[in-house]
Every structure is written in structure tokens, then in C-alpha cells.
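# Structure at a glance
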Amino acid sequence: MFFQDLLYTIDKASKDPKVIGLVAHIGQSIDQLTYTQIQDFRESILRLRKANKKTVCYMEDIMNPEIGYYLASEFEKIFVNPAGFIIATGLHYVTPFIK
């Protein structure tokens, strides 16, 4: 499945009354996505949540918190493998203001 197909399927599910939610498995392959793709994925999850659908994600070892945990933070619930670990160094964003 291509990435755009995934986003289309999530958006379609947000409008389908038969769909009650989404369960996602976030693994190491998430590191292959760009920040733009991660942002698009998060926006799809947000639209799903605004449609009152449940969102849950399961994570294993996440070595890149800037991508893995950033994506997972859009879900309502996050489950982590008990033997796994997440390196969370934090995120920081600054917008300069020039007058």
C-alpha cells in the first residue's frame, strides 16, 4: 500500500459509520517516512478523532522520538511493549518574531 492510499483509507474510514476506530502498530519502519509524511499522517488521525472514532497505537522500541513518538502522540491511547523502550529526548519548536 502506498502512503497516499493509507491517508485516503483513513479519511474514508472517518466518514464510514461502520468503522469504530483505528489500531496502528508503529514499528522501526516509521523512520523511513519524512517529516511531511508524518505531519500528513497525524492530520489524518486528527480527522479520524474529530469524527468520534477511537484511535490506539502500539509501539515497540522507538529509537527516533522525533518521528515515532511525535506520530503516536496524536492517538488517544499509546501502548508500549513491556520489554521495549522509548528514547524521549523531547521536541522543541521556535518561531522567531521580528518586529
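You'll find the structure just up there.
Since we're looking at a predicted model, the values are computed, not measured. (Residues numbered from 1 in each chain as written. Predicted model: local features only at pLDDT ≥ 70, side-chain atom pairs only at ≥ 80, totals over all residues. Heavy atoms only, no water.)

Since one α-helical turn is 3.6 residues long, residues separated by three or four positions face the same way. The terminal C-alpha atoms of helix H2 (residues 35-50), which comprises 16 residues, lie 22 Å apart, in line with the 22 Å expected from a rise of 1.5 Å per residue. Listing the buried residues of H2 in full gives Ile38, Phe41, Arg42, Ser44, Ile45 and Leu48. For H2, the buried positions fall inside an angular range of 160° around the axis, keeping them on one side. For H2, the exposed residues lying more than 90 degrees away from the buried face are Tyr35, Thr36 and Lys50. Close packing links the buried residues of H2 with helix H1 (3-15), strand E1 (21-26), strand E2 (54-59) and helix H3 (68-72). Positive phi appears at Asn52, one or two residues downstream of H2, with a value of about 60°. (Helix = DSSP H or I, 4+ residues; strand = E, 2+ residues; numbered from the N terminus. Expected span 1.5 Å × (residues − 1). Buried < 20%, exposed > 50% of the residue type's maximum accessible area, 1.4 Å probe, protein only. Arc of directions from axis to C-beta. Contact = heavy atoms within 4.5 Å.)

What follows concerns the sheet that holds E2. Read across the sheet, three strands follow the order E1-E2-E3 without closing on themselves; strand pairing throughout is parallel. Every interior strand has two partners, whereas the edge strands, E1 and strand E3 (77-80), have only one. Direction aside, neighbouring strands of the sheet carry axes that sit 15° apart on average. Here E1 pairs with E2 via six bridges, running parallel. The partner of Ile26 across the bridge, within E2, is Met59. (Pairing = 2+ DSSP bridges. Axes fitted to C-alpha atoms, helices over the stretch in contact; angles between N-to-C directions.)

For a regular strand, side chains alternate in direction, first toward one face of the sheet and then toward the other. Going residue by residue along E2, you find Thr55, Cys57 and Met59 tucked away on one face and Lys54, Val56 and Tyr58 left uncovered on the opposite face. Each parallel crossover has a hand, and the one from E1 via H2 to E2 is right-handed. Sheet analysis places E2 next to E3, joined by four bridges and oriented parallel. Within E3, the position partnered with Val56 by the bridge is Lys77. (Right-handed = clockwise from strand over helix to strand, strands pointing away.)

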